[in-house]
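Coordinate analysis (summary)
Here is how the chains run, residue by residue.
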Amino acid sequence: EVHLVESGGGLVQPGGSLRLSCAASGFTFSSYWIHWVRQVPGKGLVCISRISPDGGFTHYADSVKGRFTLSRDNAKNTLYLQMNSLRVEDTAVYFCARGTASKPGVDYWGQGTLVTVSS
Amino acid sequence: QTVVTQEPSLTVSPGGTVTLTCASSTGAVTTDYSPNWFQQKPGQAPRALIYNTNNKHSWTPARFSGSLLGGKAALTLSRVQPEDEADYYCLLFYSGNPMFGGGTKLTVL
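Residues numbered from 1 in each chain as written. Chains lettered and ligands numbered in written order. Predicted model: local features only at pLDDT ≥ 70, side-chain atom pairs only at ≥ 80, totals over all residues. Heavy atoms only, no water.

Residues and elements named next belong to chain A. Unlike most non-glycine residues, N77 shows phi in positive territory, near 55 degrees. Mapped onto the fold, N77 is located in the loop between β7 (68-73) and β8 (78-83). Look at S85: it is not a glycine, yet its phi comes out positive at around 50 degrees. (Helix = DSSP H or I, 4+ residues; strand = E, 2+ residues; numbered from the N terminus.)

Shown next as structure tokens:
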């Protein structure tokens, strides 16, 4: 069974850093794109980053470009989102989600981890 | 700035049929955008329903179907059940870059 489990969320001050992890199981992790999606409480879903199966390609939304770095360790079946220079507006639930095998898409989601940026 | 637009809210009666749509500010939505649809209930992660316009996941109930309609992606719910009350999001891919619509709050009343 496919599982994605995010961790690392919490309370951080503006300007601070946090590293989120996404641990995967139940599938061949190294064969799939992985996406990070965030959701401000009460608002919609926003794609912020994605990474290719081998980690050689990453893409970031303009809102996080230059501040967030996405990487993966295929030997550990784990994805990492390093978030620096955090802003109040980065407060959200962060989800990792698996890309579909063929055509562009997303199928399995983690349960999410809450990041709160506040002084 | 590309924008993906959905109806903010819709209401449907139990047992009825409702169609949610997903439009792109760049023009007509085609299969090239590989439309995906997701359902999200309060306090839960999103759940995938449809991928590549009209393909169902193994867990997608038969009453959900995806299509293209009038230049938009569409999600049709037939024989609506009370448990279908949720937020629904479409996702379009622009040369591989994913973008969500703002979501539709579906009320079953």
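As a volume, the largest pocket reaches approximately 630 Å³. In terms of lining residues, the largest pocket is bounded by 23 residues, among which V46(A), C47(A), A61(A), P98(B) and M99(B) are the most central. Where the lining of the largest pocket is concerned, the elements lending two or more residues are β5 (45-51) and β6 (58-60) of chain A together with β10 (97-100) of chain B. Here the element with the most residues in the lining of the largest pocket is β5(A); it accounts for 6 residues. By residue class, the composition of the lining of the largest pocket is 10 nonpolar, 10 polar and 3 charged. The space that makes up the second largest pocket amounts to roughly 380 Å³. Taken together, 24 residues form the lining of the second largest pocket, with Q40(B), K41(B), P42(B), G43(B) and D87(B) sitting closest to its centre. Mapped by element, the contributors of at least two residues to the lining of the second largest pocket are β9 (92-99) of chain A together with β9 (86-94) and β11 (104-108) of chain B. A per-class count over the lining of the second largest pocket returns 9 nonpolar, 10 polar and 5 charged. (1 Å grid on protein atoms, 1.4 Å probe; cavity = no way out; pocket = protein on both sides within 12 Å on 5 of 7 lines; lining within 4 Å. Points joined across faces, edges and corners; volume = space filled by probe spheres on them. Nonpolar A, V, L, I, M, F, W, Y, C, P; charged D, E, K, R; others polar.)

This paragraph deals with the interface of chain B and chain A. At the interface, 17 residues of chain B touch 21 residues of chain A. A combined buried area of about 1,600 Å² lies between chain B and chain A, and 67% of that area is made up of carbon and sulfur atoms. Per-residue buried area on chain B facing chain A is highest for P46(B), P98(B) and F100(B); these three make up 29% of the total on that side. Along the contact surface separating chain B from chain A lie 0 salt bridges. Contributions of two or more residues to the side of chain B that touches chain A are made by β4 (36-40), β9 and β10 of chain B. Taken together, the residues of the side of chain B that touches chain A break down into 10 nonpolar, 7 polar and no charged. (Contact = heavy atoms within 4.5 Å. Buried area = accessible area lost by both parts, 1.4 Å probe. Salt bridge = Lys/Arg side-chain N within 4 Å of Asp/Glu carboxyl O.)

The final tally for this structure, using the stated rule, is 10 aromatic pairs over all chains. A ring pair is formed by F27(A) and Y32(A), whose centres lie 5.3 Å apart and whose planes are at 90 degrees; its orientation type is edge-to-face. Grouping residues by exposure puts F27(A) and Y32(A) together as buried. Centroid distance W109(A) to F38(B): 5.5 Å. Interplanar angle 80 degrees. Geometry classified as edge-to-face. In this pair, W109(A) is assigned in strand β10 (residues 106-109) and F38(B) in strand β4, connecting two distinct chains. Grouped by ring-pair contacts, the aromatic residues F95(A), W109(A), F38(B) and F100(B) constitute a single cluster. Here the basic side chain of R98(A) rests over the ring of F27(A), its NZ or CZ set 4.9 Å away from the ring centre. (Phe/Tyr/Trp six-rings, centres within 6.5 Å; stacked < 30°, edge-to-face > 60°. Buried < 20%, exposed > 50% of the residue type's maximum accessible area, 1.4 Å probe, protein only. Lys NZ or Arg CZ within 6 Å of the ring centre and 35° of its normal.)

The analysis is restricted to geometry; functional conclusions fall outside its scope.
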